[in-house]
Amino acid sequence: MKKLLLNQKSLKFAFIAMLFVANSAWSQTVFQETFGSAVVPVANNYAGGTSTPVVSYTTNIAGYSAVGLDASNNGFLNFVSNGTAKRVSLAGSIPSGTAFNSVLHSNTNLVTWTFNMKSSRLSTNQFSATTGYPEAKYFNATVLCASNSSFISNGTTPGTGYAVVVQKSTADVTKASINLIKFSNGLGDPAAEASVLTRLIESPGLAPSPSAAAPNNLSIKVTYNPSIDVWELYYREDTGTTFVDPTSGTLNLVGSFTQVPPTTPMTSFGYVVGLQTSTSGSNSFQFDNFQIGLSPLPAYTAPPVIEKRQAFNSTLNPTVADLVGVGTNMKWYSTLTGGAELATTTALSYTNYYGSQTINGTESTRVATQVFVGDTGLKTLPLYEGFAGYTIADKLILMNNGVNTAVATNNGVGLGSWSITPSTNITDDVSIVASPAWTNTVLPLATGNAITFAGSGIDPELKFTNTSSGSLFSSFLFTAADVTTIVASTTTDPAYSTPTGIYSFLTETTDPATGIVTTAYSSDVMFRKNIATGKFNIGLSKSNNITECVWSPTEYDFNTEHLVVISYENIGDADPLMQTANLWMDPATTTQPTATLSQNNPTTSVTRDHIDRIKLLQASSTSTPTLIIDEIRVANNWSESIGGANLALATVNATGFNMYPNPVSNGKLYITSSTDSEKEVTIFNTLGQQVLQAKTTTEAINVSSLTQGTYFVKINEAGNTATNKLIVQ
C-alpha cells in the first residue's frame, strides 16, 4: 500500500444537510455539533437536538451541563459546578450507516476530528499514568471516540477510547498543555479505579495560562491514518472572546505517534470535565464545533526524529549543518510552513528551526526544534547564573542520557555556557526547575529558574577566564531534601552517610604529551547525613579529600533554605599553607564576616596555580540528597560574589559590547562598543521568538513595547556577535 502524507493545513469539510455519499472523492462529514443558537439552562441539562445528524446525549450526573451563547448568538457547551465536586460526562453515539468504520483500523479514509475547547482555570494535575484524573482534579477532555458511553472509570462498564485532555504542562507547571490520551477502563484514577492511561502526544505549554480573565481558546485537530496507524495532533491558540472555526485557517502540528487502535468498535463520543465546589465562572469549561470527517488517504512520509531543543556552546559560529535530526534527505526551514530551504551554511541563532525528511519523493510535515546558541567564549568575572534563559524540565546538559562517551553526540554540550568533561558516568541529569520562593535578603532578588539533581551522575561545569593569582569567591542558594537512598557509611563513620561533594571550584589540565586530563578540586562543599538525628552537616575540603574535611558544628534540617559562600585564597602562592579554603554558611549581612569553616590542609601540600571553573557534583547514589541550587555567582572578591556592585546587572562580555541599563525600566536600552560602529540588535523572548529588531550606533533602542520579563539580546557588529540576557521591569 502506498505511504500517505497528511497536509499540515487544516482540512476543510463540505457542510451539507444530507449525509455524504460513501466513497466520495471529497472530504466527508460523519457528524457535526455546533450546539445551536438557543440557551439551555443547567437545570435542564443539554440533551441534544442541534447536531447533524441529530443525536441524543446522556450524562452520568445531572445539573452540570448547559448551552450558552457567545456575542454572535452561537451556542457552546458549558460545564459549570453546582457546588459539589464531580467528574461529569456528556456522551453521544457516533452515527452509524456511514462510511466511518467504528473499528478504526478498518477505515479506508483519513479520519479527522476537529473541535474547540476552553479552560477558565489552570488544571490541577500534570499527566500521569499512575495518578490520572481522580475526583479532586480540575481538567477537561474531548472524547474523540470510545467503545461505549461510560467514559469515567468509576462508571458502569467503563470503555476504551481516545481523548484530548487540557491539563497542566509537564514542562512548565504555570501553563496548560494539550494531550492526546488513549484510555481503557475509562478516564479516571488508575490507583482506585483501574483506569489505564497512555499519553501519545503533548503540546508545548500554552500561553496565556488559563484563567477566568484569560482562558485558553483553542482550535484542535486530530487525525488518524489507518494505512500506517499514525496519529497526529494539531492546535491553534485563538484570540478574541468567541470560538473560531477549527476547520479554517492553519493549525500547528504538535507531533505524530504510531499506535494501532484496538479492534473494539468505537461507537461513542463526548466530553468529560473535573469540576470542584466553587460555582464561580473560574470553575467552568467550554466546548464547541465538534466534528468527525473523512477524506481520501494522501501520500505520507513520517516526520523525522528531532530533539525539541538543541544547544550549541562548544561549536564556534554554529550553522544549519550542525543541526541534528534522524531522517532521510533532511531539509531545514526557518518557518513551520512555506519559505525556502535553508542553506547548510546559514548561521544559527537562538530561535526555532523546522526539519523535514523526504522519502520516495514525498516530503514529511516539519518538526520544530528550539535552538539555544550559548556562549562560545569563557565567562568573564564576575559572573552570575540565575538559569533565566532555560525551559523548565530541560536537561542542563543535552546528550543521549544513559549512553557512554563512545557515542559521538555525547560531546558535553549544555545550556548557556555549561558543559561537562565526557566520561562513562552520564546516566543521570541535572534538570531545570522553577525557583523556590527564596526568602534570602542578602542576595539581590532571584530571577529565572533553578536546577535540581540527586544521587550519582554527570557533573556539569561552568568555565570562566583562568585565575592564576589572588582569590576566588562563589555563592549559591540551595535546599536539600532527604531521600531513602541515603544510607549509613560502610567505609567511614557508620553514624553518618559517606561524605560526598556537592559543589566546588575546579582546575583541569591536559598533559600535552599524553593527553591525560587531570582535575583538581578546590574548596569542595561536602555533605553528610547524621543517620540518628535525620539532619545533615555541611563540610569543607580544600581539595576533594574526605579525611581532611572539616565539618560545621551545626546540624541543619532538610528542606530548609541556605546561602553558601566559598573562597579559595592566595592562588599561586608558593607556600601551600598560605592557600586557604573558606566557607560561610548563611551569612546575614553583605559585609564579609568570619568564615564558618576554614581549611588550609596542614597535612598535605595541596597547591593550585590556577582555577578556571566551578563544578556541580553528583558523586554518590547513597549519599547525595535531592538538591535544588540557584543564584550562582563567581567573583574575585566577597562583595561581587554576593551581588554587590550590581553584579546581577553586569553585561559586558568578551566581545567588547556593553549593554545598559539592565534591568531596563524606562524603555531605553543602550548598547556601545569600542568602535561604536553600527550594530544590528535582535531581541528574543524565552521561547526563542523574535520580538524586536533594530540598528544602532550609540543611540538608545526603544524597548518600551516589551512586557516585563526576561529576554535575550543578540548583537552583531562587523562580524562580531554576542548574546546577553536582558531583564525588563
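In this report, the structure presented in the accompanying data block is examined. (Residues numbered from 1 in each chain as written. Predicted model: local features only at pLDDT ≥ 70, side-chain atom pairs only at ≥ 80, totals over all residues. Heavy atoms only, no water.)

## Description of the environment of Val40
Summarising the element assignment, Val40 is placed in the loop between strand 1 (28–33) and strand 2 (58–59). For Val40, a relative accessible area of 18% corresponds to the buried category. Considered as a pair, Val40 and Val67 are 27 residues apart in the sequence and their alpha carbons are 4.7 Å apart. In this structure Val40 touches Asn45, Tyr46, Ala66 and Val67, once residues within four positions along its chain are discounted. (Helix = DSSP H or I, 4+ residues; strand = E, 2+ residues; numbered from the N terminus. Buried < 20%, exposed > 50% of the residue type's maximum accessible area, 1.4 Å probe, protein only. Contact = heavy atoms within 4.5 Å.)

## Re the sheet that holds strand 14 (residues 268–275)
The sheet built from 7 strands is open, its strands ordered 2-5-14-7-8-9-10 with antiparallel pairing. Only two strands of the sheet have a single neighbouring strand rather than two, namely strand 2 and strand 10 (196–202). Of the strand pairs in this sheet, strand 2 and strand 5 (residues 86–93) are connected by 2 bridges, and their pairing is antiparallel. Of the residues in strand 5, the one forming a bridge with Thr59 is Leu90. (Pairing = 2+ DSSP bridges.)

## What to know about unusual backbone geometry
A cis amide bond links Thr52 with the next residue in sequence, Pro53, at an omega value of -10°. Its place among the elements puts Pro53 in the loop between strand 1 and strand 2. Phi at Asn73 takes a positive value of approximately 60°, unusual for a residue other than glycine. Mapped onto the fold, Asn73 is located in the loop between strand 3 (65–69) and strand 4 (75–80). Located in the positive-phi region is Ala194, a residue other than glycine, with phi close to 65°. Its location among the elements puts Ala194 in the loop between helix 1 (190–193) and strand 10.

## Notes on the packing of aromatic side chains
Scanning the model with the defined rule gives 26 aromatic pairs in all. Taking 4.7 Å as the distance between ring centres and 50° as the angle between the ring planes, the aromatic pair formed by Phe31 and Phe269 counts as tilted. Of this pair, Phe31 sits in strand 1 while Phe269 sits in strand 14, and the two are 238 residues apart along the sequence. As far as the burial class goes, Phe31 and Phe269 line up, both buried. Relative to Tyr556, the ring of Phe536 lies with its centre 5.9 Å away and its plane at 40°, an arrangement referred to as tilted. With Phe536 in strand 30 (residues 536–541) and Tyr556 in the loop between strand 31 (550–551) and strand 32 (562–571), this pair connects stretches of sequence that are 20 residues apart. A relative accessible area of 1% places Phe536 in the buried class. Here the aromatic cluster, defined as three or more aromatic residues joined through ring pairs, consists of Phe31, Phe35, Tyr46, Tyr57, Phe79, Phe115, Phe269, Tyr271, Phe287 and Phe290. Note that Arg528 overlies the ring of Trp551, its terminal NZ or CZ placed 4.3 Å from the centroid. (Phe/Tyr/Trp six-rings, centres within 6.5 Å; stacked < 30°, edge-to-face > 60°. Lys NZ or Arg CZ within 6 Å of the ring centre and 35° of its normal.)

## With respect to the nonpolar core
Side chains of nonpolar character tend, in soluble globular proteins, to be buried together. One finds Leu396, Trp418 and Phe478 to be the most contacted residues of the largest nonpolar core, which totals 51 residues. Discounting chain neighbours no more than four positions away, the residues touching Phe478 are Trp438, Phe536, Ile538, Thr560, Glu561, His562, Val564, Met585, Leu627, Ile628 and Ile629. By size, the runner-up hydrophobic cluster in this structure holds 50 residues, among which are Leu90, Leu144, Trp231 and Val273. (Core = buried A, V, L, I, M, F, W, Y, C linked by side-chain atoms within 4.5 Å.)

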